[in-house]
Amino acid sequence: MRILYFAWLRSRVGMASEVVDPPATVTDVAGLLDWLATRSPGHQAALADRRVVRVAINQDYAQPDAAVKTGDEIAIFPPVTGG
Amino acid sequence: MIRVQREDFDVGGELAALSSGDRGIGGVASFVGLVREAAGGGAVGAMTLEHYPGMTEKKLAEIEAEAQRRWPLSASLIIHRYGRLEPGDRIVLVATASSHRQAALEACAFLIDWLKTEAPFWKLEEVGGEQRWVEARDSDDTAAARWRR
C-alpha cells in the first residue's frame, strides 16, 4: 500500500510518500490513520486533528469507513485551497 | 478541456479559441483567478501552488463533465497553474461557451465554486519572509454547497 502526503501533512510527517504493509486488522480509512499515527511522532502530530485531514483512495475522496486494501494508493492531505 | 500547467496563459487567445469554429455559440463566460497581495496579517510576497498530479486532472474532468451534464454547453475550459506565483499572476481560468448567456454564466460559477472545494490544490503563502499554508474557508464550502443536488 502506497501512502502519499501533501501540503502541511507532508511537512509534519517528514516525507512525501511511503510504502507500508499494515496488519490485517486495518480494514478501513479510520483504522489506517490510527495505525499510521503510531509510526512516528511526526505521523502522530500530522494526524492528530482528523477534522482537517482528507483522504483519497486511488484518487477518489474517501470517508473514514471506506475500505482499504493491499495495492491501494492512499493520499492524505488537508482541505484543498486551489482556485 | 482541462489543462494543469506551470506556465501562464493568454486569456484573450484562450477565449477566442474556445468559441472559434462554432457559429452556434452566443456567449462565452469566464473567470480568471489571480494571486492577491493582501492576506491576513501582511502582504503576500509569493505563493506556491502544490497539487496531486493525477487526481487533479481526474477531479477537474469530473467537475467539467458535471457542468456539461447540467447545462447545454458548446465548450468549456479549465486551466489551473501550479508552482511559484507572485501577486497579480494568473492562477486559474474557467471559461464556458453556450448558445445563451444564462447557461454559460451559471456553469462558469459552478465550475469555479466546485473546483475550489474538490480539486486537490494547496497554497503555500510567503508573508514577511515566512511560509504558511493557506487554510480552507468555510465560505468556499458554502459557495459550493449551493450547487448540491
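For the structure, check the block above.
Residues numbered from 1 in each chain as written. Chains lettered and ligands numbered in written order. Predicted model: local features only at pLDDT ≥ 70, side-chain atom pairs only at ≥ 80, totals over all residues.

Peer 1: Quick one: what's the story with the pairing of strand S9 (residues 130-133) of chain B, residue by residue and with numbers?
Peer 2: Residue and element names in this part refer to chain B. Where strand S8 (residues 121-127) and S9 come together, 4 bridges link them in antiparallel fashion. Its bridge partner being in S9, Glu 125 is matched across the sheet by Arg 132. A loop of 2 residues connects S8 with S9, the two strands running antiparallel in sequence, and Gly 128 in this loop sits at a positive phi of about 55 degrees. (Pairing = 2+ DSSP bridges. Helix = DSSP H or I, 4+ residues; strand = E, 2+ residues; numbered from the N terminus.)

Peer 1: Help me get a handle on the nonpolar core, residues and values and all.
Peer 2: Counting 56 residues, the largest nonpolar core has Phe 6 and Ala 75 of chain A together with Ala 107 and Leu 111 of chain B as the members making the most contacts within it. With 9 residues, helix H3 (residues 101-118) of chain B is the largest single contributor of residues to this core. Discounting residues that sit within four places of it in the chain, Phe 6 of chain A has contacts with Ala 75 and Phe 77 of chain A together with Glu 50, Tyr 52 and Trp 122 of chain B. (Core = buried A, V, L, I, M, F, W, Y, C linked by C-beta atoms within 7 Å. Buried ≥ 20, exposed ≤ 12 C-beta atoms within 10 Å, placed from the backbone. Contact = placed C-beta atoms within 7 Å.)

Peer 1: Any chance you could break down unusual backbone geometry for me, citing the residues and the numbers?
Peer 2: Residues and elements named next belong to chain A. One non-glycine residue, Ala 7, lies in the positive phi region at around 55 degrees. With 23 C-beta atoms counted inside 10 Å, the residue Ala 7 sits in the buried group. Of note, Asn 58 is a non-glycine position whose phi angle comes to about 50 degrees, a positive value. Here Asn 58 shows up in the loop between strand S3 (54-57) and strand S4 (60-62). Residue classification places Asn 58 among the partly exposed positions, given that 14 C-beta atoms sit within 10 Å.

Peer 1: Which residues make up the pairing of S3 of chain A, and what values do they have?
Peer 2: Taken residue by residue, a regular strand's side chains alternate between the two faces of the sheet. Residues and elements named next belong to chain A. Two elements, S3 and strand S5 (residues 73-77), share 4 bridges in a ladder whose sense is antiparallel. Paired with Arg 54 across the two strands is Phe 77, which belongs to S5. In terms of strand pairing, S3 meets S4 through 3 bridges, oriented antiparallel. When the sheet's bridge partners are listed, Ile 57 is paired in S4 with Asp 60. Linking two consecutive strands that pair antiparallel, namely S3 and S4, is a turn of 2 residues; a positive phi of about 50 degrees is found at Asn 58 within it.

Distances and angles like these do not, on their own, reveal function.
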